[in-house]
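# Understanding the architecture of this molecule
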Amino acid sequence: MRPYAPITGDPIDRSRFPVDEWALEETRFSAEDLGVTESLFSVGNGYLGLRGNYSESRDAHVDGTFINGFHETWPILHAEEAFGLARIGQNIVNVPDAKVIRLYVDDEPLELSSADLLEYRRRLDFRTGVLTRDLVWRTPSGKRVKVASRRIVSFTQKHVAAMQFEVTLLDGRAPVQISSQLVNRQDRDLEHPAIETPAGTIADPRKAEKLGRRVLLPQVSSTDEETGRIRLGYRCAESGMTLGVAVDHTLQAPVEVSTQAHSADDEGKVIYRLHLEAGQTLKLTKQVSYHTAQRVPARELLDRCERTLDRVAEEGIERLYADQEAWLAAFWKRSDVRIPGQPALQQAVRWNLFQVMQAAARAEDQGISAKGVTGSGYGGHYFWDTEVYVLPFLTYASPYAARNALRFRYQLLPHARRRAREVSQEGALFAWRTINGHEASAYYAAGTAQYHIDADICYAISQYVDATGDTDFLWREGVDILVETARLWADLGFWRRDDGTSSFHIHGVTGPDEYTTVVNDNMFTNTMARFNLRRAAEAVHEIREGDPEAYASLVRRTGLTEDEVVEWAAAAQGMTIPFDEKVGIHPQDSRFLDREMWDLENTPVTSRPLLLHHHPLVIYRFQVLKQADVVLALFLQSEEFSAEEKLADFRYYDPITTGDSTLSAMVQSIMAAEVGYHELAMQYFLQALYVDLTDLHANTADGVHVASVGGVWCALVNGFGGFRAKGRGHWSFEPRLPDQWEALDYRLTLHGTRIGVLLTRDEVRFEIEDGPGPVSVHVRDVEYVVERGTVTVVPLPDQGPRIEGQPPNPAGTVRADGTVISATVPHAD
C-alpha cells in the first residue's frame, strides 16, 4: 500500500558509515554511489556550495560548484503555443571548480577507484563545518603515501572557501608533483557529453536542463607564477550575470620547489614539482573567493575577489576555521534537537539540520533552492517548499535567515504582479518555480496552476512575524505581499448562491498533490486562501490602528481601499471548504470522490514513481496522491479542524498517498502522531530522516532534498513535540513522544527569548535558556507562564491517543449516490 518497506533497525551500513552523533564519517571508498556521497559530503553556506568531490581524483558523478541564484536563461520552446505559458527557462550554472588538486608520485596519478588504499577516512564534522579526508596510498612502485585534506566553505565570510592538501611520503624517495587547478567545467564538459537517455525512457523532470551550448563567456583569465594567484572572469551568454573567481596558493615544503603557471579561457593551474624523502611533508593551502552580480563587469568582481583574499591572508587560515567553529557553536546552542539514548537517530537529525544551514545561512539576497547549493537538481529553482518546510526551522532557530528569505520574496513582488496580469488576474501571482522571478515551469497544469504558493508565502510571513514580533518587516514590506495576494484570491474566486446560502469558490487550480490537477475548490488551496484573506485584512487593520503614517504609506504604495479589505473578510467568511457528509471527509476537490481509486497495494514497486511510468492523464483520472494535500491543510491550519475531522481525513487519504514526493513523509508523520497512529508516525519520520542518507528516492545524486531536511525538524517539533503556533502569540503543545524514546529535547526562539523544551514520558519542562522572557505557553489548553530562572514542569498523564497499525484501505467506500468506490491498476492488457 505504501511505497517503501518499513525501516526496521538501522538502514545505514555502519561498517562504512559508523555512528557519530556529531559527524558523518565514511571509512571505505566506493565508486558505486559517487553521486550520493558527493551530495552527502557537500559543504556550503547558502551562497556557495562545493560538492563532495575528490580533489585529486577523476572519480566523480558530477564535479560541481554552485552559487545560489547564479543562472543562465534560455527561451522555453513549446510544441504547441498558448498565451501566458512560461517563456524564460532558468538553470543554475556549474561555476568554475577550484577543488581540483592532482597528485602524482613517481609520475603515477592518485585515482581513488584504482588506487591501493591501505587506509581511508572521510568526515564531515557538524561542529566545525570542515570536511576532512585522510588516506594512505601504496603507489604502483610500492611506496606508501599519506594524504590528508581539509575543505571549508565559510559561514562567516560569505564569498570564501579554502582547501588544504597535505602529502607525506612514509618510505623511500620519490618525485612528487601537484597540479592545482581552477576549471570551468560548465563549458569544458561540452566536449565530453553525458550518455543520452536510453530509448523508451523519459527524462526525469526533477533533473536540471542540459544546455548544449556555451554558457560562460570568458572575460578575464590570468595566472601569476610568482604569487600563485589564478583569476577567471565570465559573463553568462543569455542572462548576462557575471562572475569573478580568484584563487591563492601557499605551499609549505621542506625542499626546493619548481613552480609553473598556466592560464587559458577555461582554466588556470599552478604546478609544483619537488622530491620528498621518507618522513617529509608538503602542505598546500588553497584559498578561493567567488563574487557574482547581475551586471557588474567581471573585472570589477575580480577586484572584489582579490580584496577578499588579501583580507583572509592577513587574518590567517586558522582564523577562518576558528570563526567557523564559533559560528556553529552558536547555531547548535539555539537549534539542536536531542534524542537521548538514540545515537544513530541523533547523527541523522544533526546531519539534516546542518544541511538546512548549508542551504540557507548566507542565501541572503537569494532564495533557498530545492537542492540548496549541493547539486543542480530542479535547475536550482525556488519553490513553495521553502516557505512551508524550511522556514519553520529558520523562524524558530535562526530568524534572521527566515527574514532574508521572505525579503527575497518581496523583491520578486513586481514579477508576481506582472505574472498575475498575464493570467488575467488582479494582485500578484508568484512563480511556482523560478530563480529570477519569471515562471519557469513549462507544464502549467502541475506548475502555474498551483496558485496556493501565494498563500504559502503569506503563511510563512505570518508565522515569522508572530514568532519574532518583527512588525517593522510586516508594515514596510510583508504587508504588500499580503495585500497583493489577497487581491488575487478575491479576483480569482467568485460567489455562488445555493440553498439560500452564498459561498465563495475558487476554480481551475492545482493543490500540492501533483497527481490531481486543475480542479475546482481544491481543499488545501481554499483553506490556505481563506487564511491569506483573513491575515491580509487583519494586517491592514493592525497597521491602520497602530501606525497611521505607515498605513498612509501602504495606501500610497498599493492603492489600497477600505472596500477591498471588507471584500477580503467576506470572501474568507464565505470560503467553500468541501466536506462530504456521507463519506465523512473533506474531499480533496469538488469532484475528487467521483473518481475510482488507484490500487496501490497491487502496483509493482518498479512502477514507482507513477509520474515516470504513466501518462499524466492516466494518473489524473484516479484517486491517488503524489503527496499530502488535505492532510497538509490539516497541519498548517490545525485550529480550523476538529480532532474527529483530522482522524477521518487521515484515515482516508493516507492509504492512497504514494509518497512519490519527498515532501510527503514528514507531513504524514506529523498528522499520524497527532491523530494517534504512533507506529506509522515513526515510520514516516524515519523515511523523512533518511531520504538522502539512504538515497530513498534514488535521486540524492542530484543534490540534497532541502525541503525534506527542513521537514525533519517539523516532524520532530510539530509532530512528536506537539508544538503549534496558533497566531497572536498563542503557542501550544500536545506532546506525542514515541514509545521507543526516553525523551525529546528541543528549543524555540519566541520574541527574542529562547526556551528549552524537554519532553519525557511523564512531563514536559520549559526553561528560558536566553533572553528576557517571560513566555506564555499552552499545554493541552492550559496556560503556563515560563519565567527566567525557573523551570516550569507540566505533568503529562499520557502521550495522546494511541492507535495500532495503519488505516485500512478506503476502497469500497460508498458515495453519497450509493455507488461504491473501486480500486484498480490501469494497464493496456
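Residues numbered from 1 in each chain as written. Predicted model: local features only at pLDDT ≥ 70, side-chain atom pairs only at ≥ 80, totals over all residues. Heavy atoms only, no water.

### Structural notes on the pattern of salt bridges
Enumeration according to the criterion identifies 69 salt bridges in this entry. Where Asp171 meets Arg144, a salt bridge forms, and the shortest distance between an N and an O atom there is 2.9 Å. Taken together, the residues Asp171 in the loop between strand E11 (160–169) and strand E12 (173–183) and Arg144 in strand E10 (residues 144–153) connect sequence positions 27 residues apart. Residue classification places Arg144 among the partly exposed positions, given a relative accessible area of 32%. In this structure, Glu538 engages Arg728 in a salt bridge whose closest nitrogen and oxygen atoms are separated by 3.6 Å. Taken together, the residues Glu538 in helix H11 (residues 523–546) and Arg728 in the loop between strand E23 (723–725) and strand E24 (731–733) connect sequence positions 190 residues apart. (Salt bridge = Lys/Arg side-chain N within 4 Å of Asp/Glu carboxyl O. Helix = DSSP H or I, 4+ residues; strand = E, 2+ residues; numbered from the N terminus. Buried < 20%, exposed > 50% of the residue type's maximum accessible area, 1.4 Å probe, protein only.)

### So, the sheet that holds strand E16 (residues 258–264)
Strand order in the open sheet formed by 5 strands is E7-E6-E12-E17-E16, and the pairing between neighbours is antiparallel. Because the sheet does not close on itself, it has two edges, and the strands there are strand E7 (108–109) and E16. For E12 and strand E17 (residues 267–277), the ladder comprises 11 bridges, and the chain directions are antiparallel. Its bridge partner being in E17, Gln181 is matched across the sheet by Lys269. (Pairing = 2+ DSSP bridges.)

### Comments concerning a negative patch on the surface
A grouping of Glu426, Asp491, Asp563 and Glu567 is seen on the molecular surface, where their side chains present a negatively charged patch. By the element assignment, Glu567 lies in helix H13 (residues 562–573). (Patch = residues over 30% accessible without salt bridge, like charges linked within 9 Å, V, L, I, M, F, W, Y side chains within 5 Å. Areas by Shrake-Rupley, 256 points an atom, 1.4 Å probe, with all protein chains shown as cover. Lys, Arg positive; Asp, Glu negative; His and termini not counted. Charge placed at Lys NZ, Arg CZ, Asp CG, Glu CD.)

### Observations regarding the nonpolar core
Counting 232 residues, the largest nonpolar core has Leu394 and Phe685 as its most contacted members. Take this core: its biggest share by element is 12 residues, from helix H10 (residues 471–492). (Core = buried A, V, L, I, M, F, W, Y, C linked by side-chain atoms within 4.5 Å.)

### As for the packing of H11 against helix H12 (residues 548–558)
Relative orientation of the contacting elements H11 and H12 amounts to 130 degrees, with a least axis distance of 5 Å. Relative to H12, the element H11 lies oblique. Side by side, H11 and H12 meet where Val540, Ile543, Arg544 and Gly546 of the first sit next to Pro548, Ala550, Tyr551 and Leu554 of the second. Its residues assigned to classes, the contact of H11 with H12 comprises 6 nonpolar, 1 polar and 1 charged. (Axes fitted to C-alpha atoms, helices over the stretch in contact; angles between N-to-C directions. Parallel < 35°, antiparallel > 145°, perpendicular 65-115°, else oblique. Contact = heavy atoms within 4.5 Å. Nonpolar A, V, L, I, M, F, W, Y, C, P; charged D, E, K, R; others polar.)

### Section: the environment of Asp649
Inspection of the secondary structure puts Asp649 in helix H16 (residues 643–653). Take Asp649: its relative accessible area is 0%, and that puts it in the buried class. In sequence terms Asp649 and Thr606 are 43 residues apart; their C-alpha atoms lie 29 Å from each other. In contact with Asp649, other than residues within four places in its own chain, are Ile585, His586, Val630 and Leu634.

### Considerations on the environment of Ala537
Following the sequence through the fold, Ala537 ends up in helix H11. Taking relative accessible area as the criterion, Ala537 reaches 12% and is therefore assigned buried. Between the C-alpha atom of Ala537 and that of Thr259, which follows or precedes it by 278 residues, the distance is 68 Å. Setting aside residues up to four positions removed in sequence, Ala537 forms contacts with Val565 and Trp568.

### With respect to the sheet that holds strand E22 (residues 622–623)
Pairing is parallel in the open sheet, where 3 strands are placed in the order E22-E21-E31. Edge strands, defined here as strands with exactly one partner in the open sheet, are E22 and strand E31 (823–824). Pairing geometry for strand E21 (residues 596–598) and E22, over 2 bridges, is parallel. Bridging from a neighbouring strand, Glu596 pairs with Phe622 of E22.

### Describing the pairing of strand E6 (residues 101–105)
Across the 5 residues of E6, 4 count as buried, placing the element largely inside the fold. Pairing between E6 and E12: 5 bridges, direction antiparallel. Directly across from Val105, in E12, lies its bridge partner Val176. Looking at chain direction, E6 and E7 are connected through 2 bridges and run antiparallel. Bridging across to E7, Tyr104 finds its partner in Pro109.

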